[in-house]
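Structural description and commentary
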Amino acid sequence: MYKNNILKIYIVLFFIGLLLSAIQPKEYFTWFLEVIPAIVGFVILVLTHKKFSFTNFTYFFILIHCIVLFIGGHYTYAEVPLFEWIKETFEQSRNNYDKIGHFAQGFVPAMIIRELFIRKKVVANASYFNFIIVSICLAISAAYEWIEWWVSISTGEGGDAFLGTQGYIWDTQSDMLLATIGAVCMILFFSKSQDVSISKINS
């Protein structure tokens, strides 16, 4: 019962975040492109919930990732106010909010994959466990960069805000690096907490 109540709160927060992000965003086309992964993810989680339900610990971080996407969609990643202030205060060359998004792009998938691997006993050889998780997260990040590239060349100027390079020639490479760092950080610092959450389900 407690798990279900928490999950309902997460769902309400998800829709509140989505609706707030949709109120007068910078550009509706960019907003749609940025929030569609969260919407697709939500639909997948709903459709598969009866067959496999994640721990509230994992759902919490999925929600945080969705909120990151909603904020980026509302303002565009290059114009998030807090990071615009950081840019000006610390004399940075660009608004770096997108790097938070790409860190989460590695961190949260690592958490999802790790729980699936543990509970479904996907990987028999534990010595390859973490390597496979990080590799999958890097592959997801690379695939997303392909999508950004395709959208940009397909829509011209309309996709520039979605691509969000801000003139930084190494943007794609740094995005994938941040996703890899996010996956590694999840494994190093949150594995034990996730194990505790999983053990409560199994007990």
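Here the structure is a predicted model, which means the values were calculated and not measured.

1. Observations concerning helix H5 (residues 97-120)
Counted at 1.5 Å a residue, the expected span for H5 with its 24 residues is 34 Å, and the 35 Å between its end C-alpha atoms agrees. Residue Lys121 follows H5 closely and has a positive phi angle near 55°.

2. Brief notes about the side chain of Gln105
Secondary-structure assignment places Gln105 in helix H5. Sequence-distant contacts of Gln105, defined by excluding residues within four places in its chain, comprise His65, Ser141, Tyr144 and Ala179.

3. Some remarks on the environment of Ile112
By the secondary structure assignment, Ile112 is in helix H5. For Ile112, a relative accessible area of 23% gives the class partly exposed. Along the chain, Ile112 and Tyr59 lie 53 residues apart, while their C-alpha atoms are 8.8 Å from each other. When sequence neighbours within four positions are dropped, the list of residues in contact with Ile112 reads Phe54, Thr58 and Ile62.

4. With respect to a nonpolar patch on the surface
A grouping of Ile9, Val12, Leu13, Ile16, Leu20 and Ile23 is seen on the molecular surface, where their side chains present a nonpolar patch of about 540 Å² in accessible area. Along the chain, Ile23 turns up in the loop between helix H1 (2-21) and helix H2 (28-47).

5. Here's the deal with the packing of helix H3 (residues 56-75) against H5
Between two packed helices, both the angle of their axes relative to each other and the distance between the axes serve to describe the pair. Running from N to C, H3 and H5 cross one another at 155°; their axes reach a closest spacing of 10 Å. As judged from the angle between their axes, H3 and H5 are roughly antiparallel. Once H3 is placed against H5, the crossing between them reads as left-handed. Contacts between H3 and H5 pair Phe57, Thr58, Phe61, Ile62, His65, Ile67, Val68, Ile71 and Gly72 from the former with Tyr97, Gly101, Ala104, Gln105, Phe107, Val108, Met111, Ile112 and Glu115 from the latter. Residue classes in the contact of H3 with H5 are distributed as twelve nonpolar, five polar and one charged.

6. Digging into the nonpolar core
Phe14, Tyr59, Phe70 and Ile133 are the most contacted members of the largest nonpolar core, which totals 39 residues. Excluding residues that lie within four positions of it along the chain, Phe14 makes contacts with Ala38, Ile39, Phe42, Leu63, Cys66 and Phe70.

7. Looking at the packing of aromatic side chains
Going through the model one piece at a time under the given rule, you end up with 17 aromatic pairs. When the centroid spacing of 5.1 Å and the interplanar angle of 80° are considered together, the rings of Phe107 and Phe190 count as edge-to-face. Of the two residues, Phe107 sits in helix H5 while Phe190 sits in helix H8 (residues 171-202), which places them 83 residues apart along the sequence. Phe107 gets classed as buried once you look at its relative accessible area, which sits at 6%. Here the aromatic residues Tyr10, Phe57, Phe60, Phe61, Phe103, Phe107 and Phe190 are joined through ring pairs into a cluster of three or more.

8. A few points about the state of the cysteines
All chains considered together, the criterion is met by zero disulfides. Take Cys185: it sits in no disulfide, and the sulfur closest to it among the cysteines is that of Cys137, at 12 Å.

9. Observations regarding the packing of H2 against H3
In contact at an axis separation of 7 Å, H2 and H3 are set at 160° when each is read in the N-to-C sense. Taken together, the axes of H2 and H3 are roughly antiparallel relative to one another. You can see that H2 and H3 cross each other, and the crossing is left-handed. The residues of H3 that touch H2, namely those facing Trp31, Glu34, Val35, Pro37, Ala38 and Leu45, are Tyr59, Ile62, Cys66, Leu69, Phe70, Gly72, Gly73 and His74. For the contact of H2 with H3, the class distribution of residues is ten nonpolar, three polar and one charged.

10. Remarks on the environment of Leu138
By the secondary structure assignment, Leu138 is in helix H6 (residues 129-155). Note on Leu138: relative accessible area 35%, which makes it partly exposed. For the pair formed by Leu138 and Leu13, sequence separation is 125 residues and the distance between their alpha carbons is 29 Å. With sequence-adjacent residues up to four places away left out, Leu138 is seen in contact with Met176 and Thr180.

The rules we used
Residues numbered from 1 in each chain as written. Predicted model: local features only at pLDDT ≥ 70, side-chain atom pairs only at ≥ 80, totals over all residues. Heavy atoms only, no water. Helix = DSSP H or I, 4+ residues; strand = E, 2+ residues; numbered from the N terminus. Expected span 1.5 Å × (residues − 1). Contact = heavy atoms within 4.5 Å. Buried < 20%, exposed > 50% of the residue type's maximum accessible area, 1.4 Å probe, protein only. Patch = residues over 30% accessible without salt bridge, like charges linked within 9 Å, V, L, I, M, F, W, Y side chains within 5 Å. Areas by Shrake-Rupley, 256 points an atom, 1.4 Å probe, with all protein chains shown as cover. Salt bridge = Lys/Arg side-chain N within 4 Å of Asp/Glu carboxyl O. Axes fitted to C-alpha atoms, helices over the stretch in contact; angles between N-to-C directions. Parallel < 35°, antiparallel > 145°, perpendicular 65-115°, else oblique. Left-handed = near helix turned anticlockwise from the far one by under 90°. Nonpolar A, V, L, I, M, F, W, Y, C, P; charged D, E, K, R; others polar. Core = buried A, V, L, I, M, F, W, Y, C linked by side-chain atoms within 4.5 Å. Phe/Tyr/Trp six-rings, centres within 6.5 Å; stacked < 30°, edge-to-face > 60°. Disulfide = S-S within 2.5 Å.

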